[in-house]
Amino acid sequence: MRMTQPIRGMLAALALSAALVLTTAVPANAAITVTLSPTAGATGTRVDVLASNCDMDATGDVENTDTSFKLPKNNNNAQGSFTVTDKMKPGTYTVTVTCGSDTASTKFTVTSGTGAATGGGSTASDAATAVLWTGAAAVLVAAAGLWLLKRRSNVTAA
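The structure presented is a predicted model; accordingly, all values stated were derived computationally and were not measured.

What to know about the sheet that holds strand β4 (residues 58-62)
In spatial order, the strands read β2-β9-β8-β4-β5; together these five strands make up an open sheet with mixed pairing. The sheet is open, and its two edges are formed by β2 (40-41) and β5 (68-71), each paired on a single side. Of the strand pairs in this sheet, strand β8 (residues 91-99) and strand β9 (residues 102-110) are connected by nine bridges, and their pairing is antiparallel. By the bridge assignment for β9, V97 is matched with A104.

So this is what it looks like as structure tokens:
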């Protein structure tokens, strides 16, 4: 069975797109994820910090404060904690963790009074976001290539 030119072109475009995605993808375990427990608390609250997929000792700090902390390696993660000080006024603070050359951050809310802490949250690192956008770009390029091939196959010679 002989393939027509448009079908060969579409298969080539799909193969090229797949190759692009596979060669630019960062391994899933390279991106660290930061999780806080709890995500909100008043002065004196101990906040546990987990850096998932961090296979080495890490460091962390709380934005616009003098609070920094260490996260020793624990299996494939790094774990540490900090305590909300009376110098931290009510509001939202960014907690940033650095693991090697990778960083990730999440938000912590300092509350007034002695209310109960709630929830747990996390964010993906910049490496995971880059992989997501690279994949989306590859899909768009493949779709544009297929559209152009389809459009070209409909043009008749004069």
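Next, the rest of the story.
Quick notes on the state of the cysteines
Under the counting rule described, the total for this entry stands at one disulfide. The residue that forms a disulfide with C54 is C99, at a sulfur-sulfur distance of 2.0 Å. The sign of the S-S torsion, about 100 degrees, decides the handedness of the disulfide formed by C54 and C99: right-handed. On the criterion of sequence distance, the pair formed by C54 in the loop between β3 (46-52) and β4 and C99 in strand β8 is long-range, its members being 45 residues apart. Owing to a relative accessible area of 0%, C54 belongs among the buried residues under this scheme. When its relative accessible area of 7% is taken as the criterion, C99 is described as buried.

The rules we used
- Residues numbered from 1 in each chain as written.
- Predicted model: local features only at pLDDT ≥ 70, side-chain atom pairs only at ≥ 80, totals over all residues.
- Heavy atoms only, no water.
- Pairing = 2+ DSSP bridges.
- Helix = DSSP H or I, 4+ residues; strand = E, 2+ residues; numbered from the N terminus.
- Disulfide = S-S within 2.5 Å.
- Buried < 20%, exposed > 50% of the residue type's maximum accessible area, 1.4 Å probe, protein only.

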